[in-house]
Amino acid sequence: MNMLECTKLTKQYGSLTALDEMDLTLESGKIVGLLGPNGSGKTTLIKIANRLLQPSSGELKIAGEVPNEHTKAIVSYLPDRTYLPEWMKIGELLEFYQDFFEDFDMARAQELLKDLAIPSDRPMKKMSKGTKDKVQLILTMSRRAKVYLLDEPIAGVDPAARDYILRTIIANYEPDALVLISTHLIADVESVLDEAVFLRQGKVILHESIDSIRERTGESVDAYFREVFAC
Amino acid sequence: MKWEFENGRPIYLQMITMLKESIANGTYPPGSRMPSVRDFAIEAGVNPNTVQKAFAELERDGLLHTERTNGRNVTEDQAVLHRLRSSLAEESIDEMLRRLKKLGMNTKEIEELVADRADKNDALEGRPAEGTGEESK
Amino acid sequence: MLGKLIKYDLKAGQRYFVPTYSVMLVLAAVIGISSRFDRNAAGNTNYIFVISTMLFGLLIMAAVILTIYLLVDRFYHNLLGNEGYLMFALPVNTATHILAKIITSLLWMLLGCAMVLLSGLIIAALAMTMDNWYEIMKMIPYIFSRYQFNGDAFMQVVQVLLVGCITVVMGVTRIYASIAAGHLWSGHRILGAALAFIGLTILEVIVATTFDPAGFNTSGVLPLCLYQLVWIVLYGIFTWYVLDRHLNLD
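Fair warning: this is a prediction, and the values are worked out from it, not measured in the lab.

## Focus on the overall build of chain B
On a plain count of helices and strands, chain B comes out with 5 helices and 3 strands. Walking chain B from its N terminus toward its C terminus, one meets helices and strands in the order α-β-α-α-β-β-α-α. Its C-alpha atoms give chain B a radius of gyration of 18 Å, more than 25% over the compact-globule value 14 Å for 137 residues. In terms of overall dimensions, chain B has C-alpha extents of about 50 × 35 × 25 Å along its principal axes. A buried classification covers 18% of the 137 residues belonging to chain B. Taking all contacts inside chain B whose residues are at least 6 apart in sequence as the whole, residues at least 24 apart take part in 51%.

Now the structure itself:
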């Protein structure tokens, strides 16, 4: 089914157009890469999907509904920054997620956190940035959501952590969910994707399966991206 | 541990090749249970749908079959396995022949060279020479 | 959901309030006990009493400042800072978020008052000797006969509490509306909020003096409450409108 649908979606900040009459349809059960240079509108699109921004015109629908509390209950969002309260301890964060999200799998989260060996009374502010990122990822992926929106999950992270993050995503997403990974680090993420969406200046210039791109161009999607977006 | 894939070809095709080799050389012995699609995907660092496609293809070729208990097993059919080894061998040989022909060698030269190298190889591995032996790699 | 939001807001505050109020109550005990010695001091200054009284006064000021700081911070950082990415991802509508923050602020104010009252009781309880208690016991029937503890007196207390709470909520919503207004001015959010707050305060004064120059004390409690409720509703709607339709985190 169509989990995310954009119809002539437009977002303007004053004279700057972040999204330009964008059309896009993404189905459940796929891992899709939202690929584009900085400023192409990736984060704007994801924010609108989470109702952190309102479109200037056009619409975006999640499972047929305009973003609201109901869509937030089925969308699991990982922003590209530290968004968890610094004073909260691991135990409290788990409780928080369980309190507010019905689809939160506590057992799964505890299992994954065990691998990181963080004591449950350690507050966020006492963790390294890399550990914070992993905690946020674990909490996000421990939800049995229908849509996962991951904004730059592997940027600013060392290669070993990248593998961990990608493995965690593959291992934990709900099989029929839509996973949208926004990134500019395509080479690392390519083998995990089903489809790629190329975004340039707020417009979708490509939406194709990874296999099809590789067969058609004889290159990796990363190499093809570099050609398409050569400065 | 992430597998390395090359760029131009779809990953599922490359995975099929790797799996065929692994089945042929006994890494996945006949009758053994294959890991689940998800476990395999996690280990290889790829999308589960890719693994699914590769497994499905191998099933179509008769190399894997699905058990009632929701898993996939490697075939025990020796005829199928023999055909697999032969076809993989043929691919290797065809590739080699293409390359050597490009270097300007003719069939007789190639045959002599193959026999010679095969003997040398056997000697290195401590086996008696077999004359015109089969391609050993 | 509303209850859960309030729960976590309170949790965020308790790590400041628990130590502060604990010290306050301990100081109250110290004051109470040391005050006994004061009576008997023959020309010597009772340092403990004096110092603890001074500290107590400072602590009350600190508690007031802390409460105001926390109510601003919870709104500004928790909803409009990085934590906003978490809060607005919760399956909760904007109005509920705002209501939770208002209720939490009110609860903190009430907590502060309760702690001051409790401190007073502690001081009184510890400062009085047996003689004092005896005298107070004798006074109680007298107090009862003087003031009718019937419905009227009770209503008066309730009215005072009600006006107090509504006034607090009006101040709180004015702060929130200012922060919301500041949010619209990206790049200068704090400055915007400060200017909005000053502007709204001036506006309130102007409106109040235009409608009733003599002050509302003459009209009675109910009109005053209604007047304040109008402001609260307007501030609330404006805050909701900004957070729901013009949110722009970062």
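## Concerning the sheet that holds strand S1 (residues 33-34) of chain B
Residues and elements named next belong to chain B. Taken in spatial order, the 3 strands make up an open sheet running S1-S3-S2, and their pairing is antiparallel. For this open sheet the edge positions go to S1 and strand S2 (64-66), each flanked by a neighbour on one side alone. Where S1 meets strand S3 (residues 72-74), 2 bridges bridge the pair, whose relative direction is antiparallel. Bridging across to S3, Arg-33 finds its partner in Asn-73. Of the strands in this sheet, S2 and S3 touch helix H3 (residues 48-60), which is tilted by about 100 degrees from S2.

## Side note on the interface of chain C and chain A
Taken together, the contact between chain C and chain A spans 18 residues of the former and 20 residues of the latter. Listed by contribution, the elements that provide at least two residues to the side of chain C that touches chain A are helix H1 (2-40) and helix H3 (84-87) of chain C. Considering each element in turn, the side of chain C that touches chain A owes the most residues, 4 residues, to H1(C). Its residues placed into classes, the side of chain C that touches chain A shows 11 nonpolar, 3 polar and 4 charged.

## Structural notes on the packing of helix H2 (residues 37-44) of chain B against H3(B)
Residues and elements named next belong to chain B. Contact geometry of H2 with H3 gives a least axis separation of 8 Å together with a crossing angle of 115 degrees. For the element pair H2 and H3, the recorded crossing hand is right-handed. On the side of H2, the interface is formed by Val-37, Arg-38, Phe-40 and Ala-41, while H3 contributes Pro-48, Val-51, Gln-52 and Phe-55. Looking at the contact of H2 with H3 residue by residue, the class counts come to 6 nonpolar, 1 polar and 1 charged.

## Quick word on helix H2 (residues 47-80) of chain C
Residue and element names in this part refer to chain C. A rise of 1.5 Å per residue sets the reference length of H2, with its 34 residues, at 50 Å; its end C-alpha atoms lie 47 Å apart and thus fit the reference within 8%. Largest kink in H2: about 25 degrees, centred on Asp-73. All buried positions along H2 are accounted for by Phe-49, Ser-52, Leu-59, Ala-63, Leu-71, Arg-74, Phe-75, Asn-78, Leu-79 and Leu-80.

## Topic: the sheet that holds strand S2 (residues 16-27) of chain A
All names here are of chain A. Spatial strand order, S2-S1-S4: 3 strands in an open sheet with antiparallel pairing. Taken across any chain shown, the strands that pair with only one partner, and hence form the sheet edges, are S2 and strand S4 (57-62). Averaged over all pairs of adjacent strands, the angle between their axes in this sheet comes to 15 degrees, without regard to strand direction. In the sheet, strand S1 (residues 2-13) pairs with S4 via 5 bridges, with the strands oriented antiparallel. Residue Thr-10 lies in a different strand from S4, and its bridge partner there is Ser-57.

## A few points about the domain arrangement of chain B
According to the domain assignment, chain B consists of domain 1 (11-76) and domain 2 (92-126). Placing the centre of domain 1 of chain B and that of domain 2 of chain B at their C-alpha centroids yields a distance of 32 Å.

## Regarding helix H1 (residues 42-49) of chain A
Residues and elements named next belong to chain A. Among the 8 residues that make up H1, 8 are buried, leaving the element largely enclosed by the rest of the structure. The set of residues buried in H1 consists of Lys-42, Thr-43, Thr-44, Leu-45, Ile-46, Lys-47, Ile-48 and Ala-49. Arg-51 lies just past H1 and shows a positive phi near 65 degrees.

## Re the interface of chain A and chain B
On the side of chain B, 16 residues touch chain A, which itself brings 17 residues to the contact. Of all the elements in the fold, those that place two or more residues in the side of chain A that touches chain B are helix H6 (159-172) and helix H8 (210-217) of chain A. No other element matches the 5 residues that H6(A) contributes to the side of chain A that touches chain B. Split into classes, the residues belonging to the side of chain A that touches chain B amount to 7 nonpolar, 3 polar and 7 charged.

## Description of the environment of C:Leu66
Residue and element names in this part refer to chain C. Checked against the element boundaries, Leu-66 lands in helix H2. The partly exposed category is assigned to Leu-66, around which 18 C-beta atoms lie within 10 Å. In the structure, Leu-66 is positioned 60 residues away from Leu-126 in sequence and 28 Å away in space, judged by C-alpha atoms. Setting aside chain neighbours within four positions, we find Leu-66 in contact with Tyr-16 and Thr-20.

Scoring rules and cut-offs
- Residues numbered from 1 in each chain as written.
- Chains lettered and ligands numbered in written order.
- Predicted model: local features only at pLDDT ≥ 70, side-chain atom pairs only at ≥ 80, totals over all residues.
- Helix = DSSP H or I, 4+ residues; strand = E, 2+ residues; numbered from the N terminus.
- Rg over C-alpha atoms; globule rule 2.2 N^0.38 Å.
- Buried ≥ 20, exposed ≤ 12 C-beta atoms within 10 Å, placed from the backbone.
- Contact = placed C-beta atoms within 7 Å.
- Pairing = 2+ DSSP bridges.
- Axes fitted to C-alpha atoms, helices over the stretch in contact; angles between N-to-C directions.
- Nonpolar A, V, L, I, M, F, W, Y, C, P; charged D, E, K, R; others polar.
- Left-handed = near helix turned anticlockwise from the far one by under 90°.
- Expected span 1.5 Å × (residues − 1).
- Bend = angle between axes of the 7 residues up to and from the residue.
- Domains from an automatic or database assignment.

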